[in-house]
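Listed below, chain by chain, are the residues.
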Amino acid sequence: QTCALPIYDTYGYWLILVGAMLEGTFIVGLYLPGSLVVLLGAALAKTGVVSFPLVILIAVIGFNTGYTINYLLGKYGWYKVVEGLGFKKQIDHAKAKLEKYEVMALLFGYVMPSSASFLTTSAGIMHFPFKKFLIASLLIQTGWSLLWGTLAYVLGLTFVEYFIQYFGFIVIIGLA
């Protein structure tokens, strides 16, 4: 905590914005733990170093910026490069879920930004109506950010540590 406080005091909102955006962006998010940056910001908000409502707002903006980039990549064909990198199976799976469940697929897929990146890229490939995509994305990501952020705020750094260690179990609880 003492190490993170000065960093978040100086760069907290930028870290949250960039971390969320990069984790929401296709492929990059598979390797960058932006959610941890957001959760740490929410946990540290209790100390007053950052504002909890701003952490949530900036996280939603960051994730949705990444998701919009994915949508545009899918819509304008750049996804073919992504398929060439070996992600065709995941894209096809996400497309099938999106075709069958539409907004419900986004709701449950956004529990993890990495799965959301496949869904949002697929939404662009399918030419899912952009306005519908954007509204659903903003509402769903706000809900997930509030859920995870509130847990981090209320439970503090202990939650962040457990999140790192037991992410799979936490996802199941979150879905329940």
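In what follows, the structure referred to is the one given above.
These figures come from a predicted structure and were not determined experimentally.

Here we take up the overall build of the chain. Of the regular secondary structure elements, the chain holds 10 helices and zero strands. Secondary structure elements of the chain occur, N-terminal to C-terminal, as α-α-α-α-α-α-α-α-α-α. Split into buried and exposed, the 176 residues of the chain put 44% on the buried side. Across the chain, contacts joining residues at least 24 apart in sequence account for 78% of those joining residues at least 6 apart. Working note: accessible area of the chain is about 9,000 Å², and carbon and sulfur atoms make up 71% of it.

It is worth spelling out the side chain of Thr120 at this point. Relative to the assigned elements, Thr120 resides in helix α7 (residues 113-125). Ignoring anything within four residues of it in the chain, the contact list for Thr120 reads Tyr67, Asn70, Tyr71, Tyr110 and Phe133.

Tallied over the full model, the rule gives six aromatic pairs. Both rings, one in Phe52 and one in Tyr153, keep their centres 4.9 Å apart while their planes meet at 40 degrees; by these two values the pair is tilted. Linking Phe52 in helix α4 (residues 52-75) with Tyr153 in helix α8 (residues 130-155), this pair joins segments that are 101 residues apart in sequence. Through pairs of rings, three or more aromatic residues link up here, namely Tyr71, Phe130 and Phe133. Directly above the ring of Tyr153 sits Lys46, whose terminal nitrogen or CZ lies 5.8 Å from the centroid.

Our next topic: the packing of helix α3 (residues 34-44) against α4. Geometrically, a packed helix pair is captured by the angle between its two axes and the distance between the axes. At a minimum axis distance of 9 Å, the contact between α3 and α4 shows a crossing angle of 165 degrees. Relative to α4, the element α3 is oriented roughly antiparallel. The chirality of how α3 crosses α4 is left-handed. Here α3 contributes Ser35, Val38, Gly41 and Ala42 to the contact with α4, which in turn contributes Phe52, Val55, Ala59 and Phe63. Looking at the contact of α3 with α4 residue by residue, the classes come out as six nonpolar, two polar and no charged.

Running from amino to carboxyl end, α8 crosses helix α9 (residues 157-165) at an angle of 125 degrees, the nearest separation of the two axes being 6 Å. For the element pair α8 / α9, the angle class is oblique. Note on element contacts: α9 touches α8 through Leu157, Thr158, Phe159 and Phe163, opposite Trp148, Leu151, Ala152 and Leu155. A per-class count over the contact of α8 with α9 returns seven nonpolar, one polar and no charged.

A cluster of nonpolar residues, Ile7, Tyr11, Trp14, Leu15 and Val18, forms a patch on the protein surface that exposes about 520 Å² of accessible area. Relative to the helices and strands, Ile7 is located in helix α1 (residues 4-24).

Parameters and conventions
- Residues numbered from 1 in each chain as written.
- Predicted model: local features only at pLDDT ≥ 70, side-chain atom pairs only at ≥ 80, totals over all residues.
- Heavy atoms only, no water.
- Helix = DSSP H or I, 4+ residues; strand = E, 2+ residues; numbered from the N terminus.
- Buried < 20%, exposed > 50% of the residue type's maximum accessible area, 1.4 Å probe, protein only.
- Contact = heavy atoms within 4.5 Å.
- Areas by Shrake-Rupley, 256 points an atom, 1.4 Å probe, with all protein chains shown as cover.
- Phe/Tyr/Trp six-rings, centres within 6.5 Å; stacked < 30°, edge-to-face > 60°.
- Lys NZ or Arg CZ within 6 Å of the ring centre and 35° of its normal.
- Axes fitted to C-alpha atoms, helices over the stretch in contact; angles between N-to-C directions.
- Parallel < 35°, antiparallel > 145°, perpendicular 65-115°, else oblique.
- Left-handed = near helix turned anticlockwise from the far one by under 90°.
- Nonpolar A, V, L, I, M, F, W, Y, C, P; charged D, E, K, R; others polar.
- Patch = residues over 30% accessible without salt bridge, like charges linked within 9 Å, V, L, I, M, F, W, Y side chains within 5 Å.
- Salt bridge = Lys/Arg side-chain N within 4 Å of Asp/Glu carboxyl O.

By themselves, these figures tell us nothing about what the structure is for.
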